[in-house]
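Here are the chains, one letter per residue:
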Amino acid sequence: MPLYSSCRLKLDYLRAPSGVHRGVLSHTGLGKDGQVLILGNSVADCSRNASHGRETGRCLNQSTVLSRALSTPATNDSGVSTYAGGAGPLSEYERRIASGELVDGDDFQVDTIQELQRLYRELAELEESCQLDRYTASKKSQRSRWLWSRLIPQSSYSPVKGLYLYGGVGTGKTMLMDLFFDQLPSNWRKKRIHFHDFMLNVHSRLQMHKGVSDPLEVVAGEISDESILLCVDEFMVTDVADALILNRLFRHLFSEGIERCVVHAIGSSTDYRKIGSAEKGFYFIGKGHPGFLKQKFQHLIGHDKPGQQVVEVVMGRKLQVPFGANGCAYFPFEELCDRPLGAADYFGLFKNFHTLALDGVPRFGIHNRTAAYRFVTLVDVMYENKARLLCTAEASPVELFESIVTVADAQKISPRTSSRSQKKDDVDLCVDNELGFAKDRTISRLTEMNSREYLEQHEARLQEKASGEAHLNGVVVEA
């Protein structure tokens, strides 16, 4: 998961609005090693020779790293603490370990949290220069700087060095990014968003600015004006059109600054999503039980009567929900993953429903590769929205994707299967690098979503929401 960050101190080059070159971007890549990005998008001529690559970690043993990294506030050369009270992601990480919320002794996460703490500290020190405070930043002055930056090209520099994180599935990239984001002051101009949602937002803005000579420049200016710190989870590009848009958008957002980041690997091979307690209640394996999932669905919604519903998506699009009631939606697999639907439809669905009953998830192979891609996206959106999944499937999550392999995996099976040609004995083998990498994330997330801890947290959120709504309606609930 990559993280980039920096702030703006001077005007930018022509075509690069000053407001554009600020922010934090975080993402998880699509490869076998997921990637996370926190981008510092202010740039500088003087930083052209900044070193690339991963900064060398400190050669300390495990107990020393934990003790010094988690307990000692950062100090400047004079020995004075550079952030009040040792605040920031480091302190919160230490608290969660002490309370048992996180597993102790993960050197890889400790090394990463130190980099996040460095980013937090430097941003806090330069809060005023970066114009992070939403209440003191003047929109008028921002527009003025944007105008002058176009008329008078000037040099700029990035006082905050960005961070690019990557690692395997379930190693804590999203958790660490969220921990970092949650510790940022509430008055800062910040935003945390999933990549799918980010791209939908970009496309919507582009539609609004049709006819403008360079709509991407306008969109970049709007994004940076709204959020100096932008954290984007699950950054992955599989669509050619999106790649072209992002190429130009990032040029506007970051100019030449994107490569001036520390590349940091979360080298852990531990998938924490698979450590949770197993739960058998919501993932049902088997075929030949018509009506079974509908009965479970009816049990969830109680006495409410399910019916067809319509969900607003984006730009006038609508999604038909076959059965919906009490925050729960029921779909046959074919209606949600065999139709031309995408992330926009799934985000629209889970803005209205907290639980999905999905009937008949098949094994995936070459014959239904497109459906597999949609299923991967569906699970990503569900996980981002912390939704609950109730489903029937032909096999376990691992077995569902057995026939989806990367080129490298195919070569291990049989050298000739790495080619796109299909033989009789490999008739359903799907050799697809993108899907072969993405399946590990999907399997990991399905496993966690079926754990006792995940389901208990989901239930707790529902009760908290119901309690809040009751208070808003003037209803007092007594124990």
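Structural data are supplied above this passage.
Below is a short write-up of the structure. Since this is a predicted model, take the numbers as computed values, not measurements.

Definitions and limits used
- Residues numbered from 1 in each chain as written.
- Predicted model: local features only at pLDDT ≥ 70, side-chain atom pairs only at ≥ 80, totals over all residues.
- Heavy atoms only, no water.
- Buried < 20%, exposed > 50% of the residue type's maximum accessible area, 1.4 Å probe, protein only.
- Helix = DSSP H or I, 4+ residues; strand = E, 2+ residues; numbered from the N terminus.
- Salt bridge = Lys/Arg side-chain N within 4 Å of Asp/Glu carboxyl O.
- Pairing = 2+ DSSP bridges.
- Axes fitted to C-alpha atoms, helices over the stretch in contact; angles between N-to-C directions.
- Contact = heavy atoms within 4.5 Å.
- Phe/Tyr/Trp six-rings, centres within 6.5 Å; stacked < 30°, edge-to-face > 60°.
- Lys NZ or Arg CZ within 6 Å of the ring centre and 35° of its normal.

## Brief notes about unusual backbone geometry
Alright, step 1. In this structure, Asn326 is a non-glycine residue whose phi angle is positive, near 55°.
Alright, step 2. Residue class for Asn326 comes out partly exposed when judged on its relative accessible area of 45%.
Alright, step 3. A positive phi is found at Lys386, a non-glycine position, where the angle reads about 55°.
Alright, step 4. Mapped onto the elements of the fold, Lys386 is located in the loop between α13 (369–384) and β13 (388–393).

## Digging into the pattern of salt bridges
Alright, step 1. Tallying each qualifying case throughout the model produces 20 salt bridges.
Alright, step 2. In this structure, Glu101 and Arg95 form a salt bridge, with 3.1 Å as the shortest nitrogen-oxygen distance.
Alright, step 3. Residue Glu122 is joined to Arg118 by a salt bridge in which the shortest nitrogen-to-oxygen separation is 3.4 Å. Of this pair, Glu122 and Arg118 are both found in helix α3 (residues 107–125), four residues apart, which corresponds to roughly one turn of the helix. Of the two residues, Glu122 and Arg118, neither departs from the other in class, the shared state being buried.

## Here we look at the sheet that holds strand β8 (residues 283–285)
Note: strands within a sheet are paired through backbone hydrogen bonds, in either parallel or antiparallel orientation.
Alright, step 1. The six strands are arranged β8-β13-β12-β11-β10-β9 in an open sheet whose pairing can be described as mixed. This sheet does not close on itself; its edge strands, each paired only once, are β8 and β9 (307–312). Neighbour to neighbour, the strand axes of the sheet diverge by 30° on average, direction disregarded.
Alright, step 2. Relative to strand β10 (residues 318–325), β9 runs antiparallel, the two being bridged by five bridges. By the bridge assignment for β10, Glu312 is matched with Lys318.

## So, the environment of Gln298
Alright, step 1. With respect to the helices, strands and loops of the structure, Gln298 is situated in helix α10 (residues 292–301).
Alright, step 2. Using a relative accessible area of 33% as the deciding quantity, one classes Gln298 as partly exposed.
Alright, step 3. Note: C-alpha distance between Gln298 and Cys328 (30 residues apart in sequence) is 9.5 Å.
Alright, step 4. The contacts of Gln298, once residues within four sequence positions are left out, are Asp304 and Pro306.

## A closer look at the packing of aromatic side chains
Alright, step 1. Tallied over the full model, the rule gives eight aromatic pairs.
Alright, step 2. The interplanar angle of 85° and the centroid separation of 4.9 Å between the aromatic rings of Phe284 and Phe292 together place this pair among those described as edge-to-face.
Alright, step 3. Residue class for Phe292 comes out partly exposed when judged on its relative accessible area of 27%.
Alright, step 4. With 5.5 Å between their ring centres and 35° between their planes, Phe364 and Phe375 make a pair best called tilted. Of the two residues, Phe364 is situated in the loop between β12 (355–361) and α13 and Phe375 in helix α13; the sequence distance between them amounts to 11 residues.
Alright, step 5. The class of Phe375 is buried, set by a relative accessible area of 2%.
Alright, step 6. Feature note: the residues Phe333, Phe364, Phe375 and Phe401 constitute an aromatic cluster, connected by ring pairs.
Alright, step 7. A cation over an aromatic ring shows up here: Lys190 above the ring of Phe181, its NZ or CZ 4.7 Å from the ring centre.

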